[in-house]
Structures are given as C-alpha cells and as structure tokens.
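Geometric and topological summary
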Amino acid sequence: MDKKLFQERVKSLSSFSYARAEAADAFGEALMNLDDWGLYRINPIRFAKDHDLDPNEAADLFICASRIGLFDLTWNLICPACGGILSATPSISQLNRELFHCALCNIDVPIILDDYVEITFTVSPNVHETDINLYENLDSFQRASFSENLKPSKRMRDALSGCHVAFSFVNPGEYQTFEFQAKPDTLYRLASVHVNSAVSLCIDSSEKNSENPAIHVHASQEGFSPQEVQLHPGQVTLYVHNTCPSPIGVMIFLADYPVLYKIEKESPPTWAPFLTGKMLLNNQAFRSLFKMQDLATNLKLSVRSLTMLFTDLRGSTEIYDTVGDMRAYQLIQDHFTILETSVRKHAGAIVKTMGDAIMASFSEPRNGIMAAIDMMDGIRNMTGDGKDELGLKIGLHEGPALTVNNDGRLDYFGQTVNIAARVQGLAQAEEIWVSESVFNADGVKTHLLDNSYGHEAHSVVLKGVGQRANVYKCRSLTKTEPEQPEL
Ligand SMILES: [Zn+2]
C-alpha cells in the first residue's frame, strides 16, 4: 500500500463536516494496521468495536471515505439460512427485486432492508491493489462468498459438514471432474454461489444394479444446465464445464433439506451487529454525499421497522410579526441547525423539510426519542430575543414502510409515515407525542425518565387514518414556565 497517499487521503476526510479531525486520525491509524483481508468487506460496526471508535462516527467516516474513492461501498443481500451473499452491488437500485433465490438452501429470500441487506466497505483497487486470491482454497472461497456476520449454530455446522461431498474451483473455459458414491433414495445438489444456481441430482431407490452415465453440466452466468438429473445409486461422475469469464466454486452436498430446515428452526443462527441497508438510508452523511439519481423509478423496497419523526413550529408566521423579518429568519435557520445536529447525533437522517417542518427517519425508536429530546433542549438553550416564540412540536411513530424514488430522492411511503404526521399534529409547543409502538420500544421509557420527561396516555382517532390509537404526550417536567396559548 502507498501509505503516504493513503494517509493523505484519510487526512482530507476531516474537510467533511461529518468527520471530526481526531476521529479521522484514529480511523486512518486503525486502517494502516490492517492486512489485505482486513481491508476486505469491512463491517463498520465491528471495525468501531475493534478500534475503540464510536460506531456512528465509524459509519460516517467509511461513507465519506467511499465518497472520495478510498473504499468501495457494497450492498450485499445475505441468505438468512446459510449467510451466502446472493447479490453484491454498488447501488441500491440493483436490489430492486422482490425476491432472491438461494441455490444452496433452495429458498426464496425477500429483500428486507432491516435484516438481510449488509453494507460493507472494501479498499478501492485505485488506492491499494490487494494480494487476496479469492479462488485460492476453500477458506478464501468461504470468506468471499459468505457473510461473516451470520454465525450458524454448532448443530448446523456439524450437520453441514456431514452433508459435504466435494468442493473445487473450476477455471474459465475448463472442465472439472467430480466423482462420488450416491446413496439410494436421496437428493444431492451440485451448487455454486458464484452463479447462484444448482443442479438437483435425484437418486432413485433402486438396487445398485444400473450404471450411471457420465453427466455433463454447463455453467454460465445464467446458471447451470441441466438443472435436474435422475440417477441410480452408486458411482456418479460429473463433468462441470465453466463458460463464465471467471472461476467458480462448485460444491456437491447431500441435500437433506427437511433435516436442515428443522435444525435451522430449532437452533437458529445468530447475527453479529452490522450496518444494514436501513441504517445506511437513515444516515445523513450517506443521504447528503451520495446523490441517488440512478434510483429505479419503480423502486419499492420494504423496511420492517422504521421510526419517523415529524416536527413543526407553533404559528411560525406570527414569529415574523412579533420579532421582525430579520430576527425571525435567523431564529428559524438556527432552529433548523439544532434539528439537523440532533438528528445526525442520533444516527438519523432528514428525509425532507416542508416549510418550517422536517420529516426525519431513524432505524430505532430510541434514537428518534433521543433526537426529539435533544431538539427540545437545543431550542430551550437558544439565546437572544424571540427564542421563546419558537414552540417546537414533535411527533413520532414506528412501523413498516416502503422506500420509494421521489424525484430522484429516496423517500419513505406508507401508513407509518401518515400516522407519524398525524401524531405530530396532536402536539402543542414543547410537547413530544409518540405512538404506542414508539412508547413501548426498547429504551424509550428509560430515556424519557432519565431526562425527566413525564407522560400522559390518550386514546385518539387519528385524522385521515381512521383508527383509534393509543398515544402518549411527553413533556419535560423540569421546565415550569406557564403554558403559552396557541396562536
Ligand atoms: Zn442460503
């Protein structure tokens, strides 16, 4: 690695408002000590833990570093059963499908940005050409083809090693012979994650009396052909011809799916924390630095749990009458700075502003409530004339949503967004109203309590949503100024 060039580029990160100079230094220091595999497909959350950095800051730094070409940002779709990487693309647009199929597990995987979409960063070949050979051996194949964030249970690992029959790379244009003894009345699969395809080798239950012909299998970028072969028990010989431009890893295994599915259910894998697609979309640095013009116009990806925060100001037009145009304009700009700082600090992003209001999104309800409390504190701590005229009103709701392309900008759509806006509409100045899903989410009550916020339960019919909902009015108990009438 050209350490000097690399260090210079890392230093330039501090010119981004998203990167503190000291954090950028620590980041650069940590990267310099990594070997080639360490610079391959980095999980920023694990990187932060290993190097004693704040995980949000580490994510911001990797995003800024990708913006200046130090790293390549990749969206990986992970099979939740085997951890196989079913798709790895530089843009969200290429994930614009409802389902992906895992040829290894023979299951369909829906695209859910919360769970199965992993964001990783690999050092750019323009900065450092690594010596990694992904086609060196089974270990390099596994590191390259499976996410390190999914850890199968010991029971599953034992079962899988019992199913393993053969593995080999097949170079472009070459043939590779695979031979094994097939047991009667079984299913074997010849599969490759590189072409995400498999051939079912169905072994009948007849006695071992008929010889199997040699089977020719062609691998192309469209997958294998044929996809299913009927065979007798006993000796099986397969010639695999790779017509792809790069090597492919081919494995054969006994596909006892009923047993494997049962083990997966009873002893599910565990996931190490990683930067999800949802977290990236709720990251202000990513939204600001990566323009998303290449979003497919029909983009519609599911988010299982999104926290939406809406704000508004009490009678903002009256502020202009009270304190004059100049002062009012400045107050409202200062208020936006406070909102943005609070959103960023708590791993959220401003999706859009509407007049004096914002719509922000968070991956977790507790981040949303922390940002809301910070916003209230920030407004209270503003100095100068007229600050008391600013009455901030906040509402939050959590639920599923769809990501959509709205004029080249990534927006959220769905009932969760509508409800969040309606919940905000219930708030008076200096009140944070939250729906039940936010109120009951992990860490929210504790955070309200720790910040001396009291709450009051209400049952309301939300306008335009047409359903009765339990909502909670939250208000700081430390502030005892008299209520100001609504303007
Ligand atoms: Zn799989």
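Numbering of residues begins from 1 in every chain and follows the order in which that chain's sequence is written. With the structure being a predicted model, the display of local features is reserved for residues of pLDDT at least 70 and the display and counting of side-chain atom pairs for 80 or more, all residues being used for whole-chain, interface and lining totals. Hydrogens and water molecules were not included; the side-chain quantities draw on all heavy atoms of the structure.

**Observations regarding the packing of aromatic side chains**
- Here the aromatic set is Phe, Tyr and Trp, taking the six-membered ring for Trp, and pairing holds for ring centres within 6.5 Å; pairs whose planes are under 30 degrees apart are stacked, those over 60 apart are edge-to-face, and all others are tilted. Applying the stated criterion to the full structure yields 18 aromatic pairs.
- Geometrically, the ring pair formed by Phe-47 and Phe-62 is edge-to-face, given 5.0 Å between the ring centres and 80° between the ring planes. Here Phe-47 is found in helix H3 (residues 44-50), whereas its partner Phe-62 is found in helix H4 (residues 55-67), with 15 residues between them in sequence.
- Each residue is placed in one exposure class: buried if its accessible area under a 1.4 Å probe, protein chains only, is under 20% of its type's maximum, exposed if it is over 50%, and partly exposed if it falls in between. In this structure Phe-47 comes out as buried when scored by relative accessible area, which is 4%.
- Between Phe-180 and Tyr-188, the ring centres sit 4.8 Å apart and the planes meet at 50°, which makes this aromatic pair tilted. By the burial criterion, Phe-180 is buried, and Tyr-188 matches it.
- Here the aromatic residues Phe-27, Phe-47, Phe-62, Phe-71 and Phe-121 are joined through ring pairs into a cluster of three or more.
- Two limits define a charge over a ring: the Lys NZ or Arg CZ must be within 6 Å of the ring centre, and within 35 degrees of the ring normal. We note Arg-143 situated over the ring of Trp-37; from NZ or CZ to the ring centre the distance is 4.4 Å. A run of H or I in DSSP counts as a helix once it spans at least four residues, and a run of E counts as a strand once it spans at least two, with each numbered from the N terminus.

**Let's talk about the sheet that holds strand S8 (residues 175-182)**
- On the basis of which strands lie adjacent, the open sheet formed by four strands has the order S8-S14-S11-S12 and mixed pairing. Each edge of the open sheet carries a strand with a single partner, namely S8 and strand S12 (223-225). Ignoring strand direction, the axes of neighbouring strands in this sheet form an average angle of 25°. Strand pairing is defined by DSSP finding a minimum of two bridges between the two strands. Axis lines are fitted to C-alpha atoms, over the contacting stretch for helices. Their N-to-C directions set the angle, which ranges from 0 to 180 degrees.

**Comments concerning the coordination of the zinc ion**
- Sodium, potassium and calcium take a 3.2 Å donor cutoff, other metals 2.8 Å, and in both cases only N, O and S atoms count; water is not among them, so sites may look incomplete. At this site the zinc ion is bound by Cys-79 (SG), Cys-82 (SG), Cys-102 (SG) and Cys-105 (SG), with donor distances of 2.3 Å.
- In this structure, the zinc ion is coordinated by four donor atoms arranged in tetrahedral fashion, with angles at the metal of 104 to 113°.
- On the primary sequence, the residues serving as donors to the zinc ion are separated as C-x2-C-x19-C-x2-C. Each member of the pair, Cys-102 as well as Cys-105, carries the same accessibility label: buried. Geometry is assigned from the angles between donors: four donors with all angles from 85 to 135 degrees make a tetrahedral site, four or six donors whose opposite pairs exceed 155 degrees while the rest stay between 65 and 115 make square planar or octahedral sites respectively, and everything else is labelled irregular.

**Brief notes about unusual backbone geometry**
- Residues Ser-225 and Pro-226 are joined by a peptide bond in cis, for which omega reads 0°.
- Checked against the element boundaries, Pro-226 lands in the loop between S12 and strand S13 (228-231).

**Structural notes on the layout of surface pockets**
- Of the pockets and cavities examined, the largest pocket occupies roughly 1200 Å³.
- When contributions to the lining of the largest pocket are tallied by element, the ones reaching two or more residues are H3, strand S5 (117-123), helix H5 (138-145), strand S6 (150-151), helix H6 (154-163), strand S15 (248-254) and helix H7 (257-266).
- For the lining of the largest pocket, the element with the highest residue contribution is H6, accounting for five residues.
- Gly falls in the polar group here, along with every residue not listed as nonpolar (Ala, Val, Leu, Ile, Met, Phe, Trp, Tyr, Cys, Pro) or charged (Asp, Glu, Lys, Arg). Residues that form the lining of the largest pocket fall into these classes: 22 nonpolar, ten polar and ten charged.
- Each of domain 1 (3-133) and domain 2 (154-268) contributes no fewer than three residues to the lining of the largest pocket.
- Only protein atoms enter the 1 Å grid, on which a cavity is a set of points fitting a 1.4 Å probe that cannot get out and a pocket is an open set with protein on both sides within 12 Å along at least 5 of 7 lines, lining residues being those with an atom within 4 Å of a point. Grid points are joined across faces, edges and corners, and a volume is the space filled by probe spheres set on the points. Each pocket or cavity is described by its volume, and for the second largest pocket that value is around 970 Å³.
- Along its surface, the second largest pocket is lined by 39 residues, and Ile-45, Asn-56, Met-279, Ala-347 and Asn-367 are the ones closest to its centre.
- With five residues, H4 is the single largest residue contributor to the lining of the second largest pocket. Domain ranges listed in this record stem from an automatic or a database domain assignment.

**Section: the side chain of Ser-124**
- Positionally, Ser-124 belongs in the loop between S5 and H5.
- Discounting chain neighbours no more than four positions away, the residues touching Ser-124 are Gly-69, Leu-70, Phe-71 and Asp-72. In this description, contact between two residues means that some pair of their heavy atoms is separated by no more than 4.5 Å.

**A word on the sheet that holds strand S10 (residues 197-203)**
- Taken in spatial order, the five strands make up an open sheet running S7-S15-S9-S10-S13, and their pairing is mixed. The open sheet terminates on both sides in strands that have one partner only, identified here as strand S7 (164-170) and S13. Between one strand axis and the next, the sheet turns by 15° as a mean value, whatever way the strands run.
- Pairing between strand S9 (residues 186-192) and S15: four bridges, direction antiparallel. Counted as the bridge partner of Arg-189 is Phe-253 from S15.
- Those strands touched by H6 are S7 and S15, and its axis lies near 75° from that of S7.

**Quick notes on the pairing of S13**
- Residues of S13 alternate between two faces, with Val-229 and Leu-231 buried on one and Glu-228 and Gln-230 left unburied on the opposite face.
- Sheet analysis places S10 next to S13, joined by four bridges and oriented parallel. By the bridge assignment, Ser-200 is partnered in S13 with Glu-228.

**What to know about the packing of helix H2 (residues 21-32) against H4**
- The geometry of H2 relative to H4 is characterised by a closest axis approach of 11 Å and an angle of 75° between their N-to-C directions. Put simply, H2 runs roughly perpendicular to H4. Contacts between H2 and H4 involve Ala-23, Ala-24, Phe-27 and Leu-31 on the former and, on the latter, Glu-57, Leu-61, Phe-62 and Ala-65.
- Partitioning the contact of H2 with H4 into residue classes produces seven nonpolar, no polar and one charged. We call two directions roughly parallel when the angle between them is under 35 degrees, roughly antiparallel when it is over 145, roughly perpendicular when it lies between 65 and 115, and oblique otherwise.

**Digging into the domain arrangement of the protein chain**
- Taken as a whole, the protein chain is organised into domain 1 (3-133), domain 2 (154-268) and domain 3 (291-476).
- Relative to domain 2, the C-alpha centre of domain 1 lies at a distance of 32 Å.
- Residue-level contacts link ten residues of domain 1 with eleven residues of domain 2.
- Buried surface area refers to the total accessible area, computed with a probe of radius 1.4 Å, that the two partners give up upon joining, counted for both partners together. Counting each side, the surface lost to burial between domain 1 and domain 2 is near 810 Å², with a carbon and sulfur contribution of 53%.

**Some remarks on the nonpolar core**
- To qualify as a nonpolar core, a set must consist of buried Ala, Val, Leu, Ile, Met, Phe, Trp, Tyr and Cys residues joined through side-chain atoms within 4.5 Å. One finds Trp-75, Leu-104, Phe-224 and Leu-238 to be the most contacted residues of the largest nonpolar core, which totals 110 residues.
- For this core, the element with the highest residue contribution is H4, accounting for seven residues.
- In this structure Leu-238 touches Gln-176, Thr-177, Phe-178, Phe-180, Leu-190, Leu-201, Ile-215, Val-217 and Ile-252, once residues within four positions along its chain are discounted.
- Of all hydrophobic cores here, the second largest spans 36 residues; its members include Ile-319, Ile-350, Met-382 and Phe-439.

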